[in-house]
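# Coordinate analysis (summary)
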Amino acid sequence: MRIGELAAAVGVTTRTVRHYHHQGLLPEPERRANGYREYTLRHAVVLARIRRLTELGLGLAEVRDVLAEDAGKDLAEVLTELDEDLARQEAGIRERRQRLRTLLETEGAVTAEGPVSPQLAALFRDMGQVSDSPMAVKDREMLALIETTAGAEGRDQLVGAFEKAFTRPGAKEQVLAAYALLDDLADADPADPRVDDAARALVDCLSPDLLPEKLDVDPDSSFLRAFYADFAPAQAAAIRRTLHLLIETEGDGP
């Protein structure tokens, strides 16, 4: 048989046959006097076995182990391991589908910031009154970032603290005013006196639960530098001033 005839007989492409040659799975046939390869029935048998094994999900390295005469594992052992691996993948897919169903069934969970947890989606709904504020958009982006990167305990603590901050009496109006002050600083000079007003408004908005036990602001932190760079200069100055005020407040504590 020629390579095209072999490939057609087994139901694969000639490119696949050549790839199996290159990977050492299918022996190279002898060439006839005219230079053409002459495939035998034995090649078809091996090729068909390779196809069956790959269709079961075995990788080519595993197929090589099965085909090798000195294989350390027999076919039953390889297939058992494959079955266990598929079971893990199946469980993972079920878990992911459940998370997707929860997101699709939770109002507001699929946001411009990307899919977020139901808890964070509820917080974003509470922030809805200030959804037109560019600073509010940045806040939601930061919360989504924290939810993605923080550990479960830290994430729940932070989101829970923001929930408390938004649900206490008068909090939404207070936050709305602080966002407005920060939005007005978009084109301002960092020396603008409104910078201090915005910082103090932010401090008034922050629940004590939002602060770690020890607030440490490292001026050399690459994350903080990237964080400040995402804001206009006067806005960054207001946020920096906010952190300094919080440190001073912490120092005045018991």
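Preceding this paragraph is the structure being described.
Residues numbered from 1 in each chain as written. Predicted model: local features only at pLDDT ≥ 70, side-chain atom pairs only at ≥ 80, totals over all residues. Heavy atoms only, no water.

Here we take up the overall build of the protein. On a plain count of helices and strands, the protein comes out with 12 helices and 2 strands. For the protein, the N- to C-terminal ordering of α and β elements is α-α-α-α-α-β-β-α-α-α-α-α-α-α. The buried share of the protein, taken over its 254 residues, is 31%. The contacts in the protein between residues at least 6 apart in sequence include a share of 56% that link residues at least 24 apart. Working note: accessible area of the protein is about 15900 Å², and carbon and sulfur atoms make up 52% of it. (Helix = DSSP H or I, 4+ residues; strand = E, 2+ residues; numbered from the N terminus. Buried < 20%, exposed > 50% of the residue type's maximum accessible area, 1.4 Å probe, protein only. Contact = heavy atoms within 4.5 Å. Areas by Shrake-Rupley, 256 points an atom, 1.4 Å probe, with all protein chains shown as cover.)

Per the counting criterion, the structure on display carries 8 salt bridges. A salt bridge links Arg51 to Glu55, with the shortest nitrogen-to-oxygen separation between them at 2.7 Å. Of this pair, Arg51 and Glu55 are both found in helix 3 (residues 41-55), 4 residues apart, which corresponds to roughly one turn of the helix. In this structure, Glu90 and Arg94 form a salt bridge, with 3.8 Å as the shortest nitrogen-oxygen distance. Here the residue Glu90 and the residue Arg94 both occupy positions in helix 5 (residues 75-105), the gap between them amounting to 4 residues, near one helical turn. Here the salt bridges do not stand alone but share partners, grouping Asp196, Arg200 and Arg241 into one network. (Salt bridge = Lys/Arg side-chain N within 4 Å of Asp/Glu carboxyl O.)

Topologically, Ser133 is positioned in the loop between helix 6 (118-126) and helix 7 (134-149). Side chain to side chain, Ser133 and Asp183 meet in a polar contact 2.6 Å long. (Polar contact = N/O pair within 3.5 Å; in protein donor to acceptor, adjacent residues only side chain to side chain.)

Let's shift gears to the packing of helix 7 against helix 9 (residues 171-184). Two elements in contact, helix 7 and helix 9, have axes whose closest approach is 8 Å; the angle formed by their N-to-C orientations is 105°. Here helix 9 runs roughly perpendicular to helix 7, going by the angle between their axes. Contacts between helix 7 and helix 9 involve Pro134, Met135, Ala136 and Asp139 from the former and Tyr179, Leu182 and Asp183 from the latter. Classifying every residue of the contact of helix 7 with helix 9 by side-chain character gives 5 nonpolar, no polar and 2 charged. (Axes fitted to C-alpha atoms, helices over the stretch in contact; angles between N-to-C directions. Parallel < 35°, antiparallel > 145°, perpendicular 65-115°, else oblique. Nonpolar A, V, L, I, M, F, W, Y, C, P; charged D, E, K, R; others polar.)

A word on the packing of aromatic side chains. Counting across every chain of the model gives 2 aromatic pairs. Arranged with centres 5.9 Å apart and planes meeting at 55°, the rings of Phe227 and Tyr228 form a pair that is tilted. Since its relative accessible area comes to 18%, Phe227 is described here as buried. Ring centres of Phe227 and Phe231 lie 5.1 Å apart, and the angle between their planes is 70°; this geometry places the pair in the edge-to-face category. Accessibility classification places Phe227 together with Phe231 in one group, the buried group. Grouping aromatic residues by their ring pairs yields a cluster made of Phe227, Tyr228 and Phe231. The ring of Phe231 has Lys138 sitting right over it, with the charged end atom 5.2 Å from the ring centre. Of note, Arg240 hangs over the ring of Tyr228, and the distance from its end group to the ring centre comes to 4.2 Å. (Phe/Tyr/Trp six-rings, centres within 6.5 Å; stacked < 30°, edge-to-face > 60°. Lys NZ or Arg CZ within 6 Å of the ring centre and 35° of its normal.)

Next up on the list: the nonpolar core. Within the largest apolar cluster, 37 residues are counted, with the highest numbers of intra-cluster contacts made by Leu120, Leu123, Leu182, Leu185 and Tyr228. Secondary-structure elements contributing two or more residues to this core are helix 6, helix 7, helix 8 (152-167), helix 9, helix 10 (194-205), helix 11 (222-229) and helix 12 (233-251). Ranked by residue count, the leading element in this core is helix 12, at 8 residues. Judged by nonpolar contacts, the second largest core, of 18 residues, contains Leu6, Val10, Leu26 and Leu58. (Core = buried A, V, L, I, M, F, W, Y, C linked by side-chain atoms within 4.5 Å.)

Considering the arrangement of structural elements, one finds Asp183 in helix 9. For the buried Asp183, which has no salt bridge, the nearest side chain bearing the opposite charge is Lys138, at an N-O separation of 9.1 Å. (Lys, Arg positive; Asp, Glu negative; His and termini not counted.)

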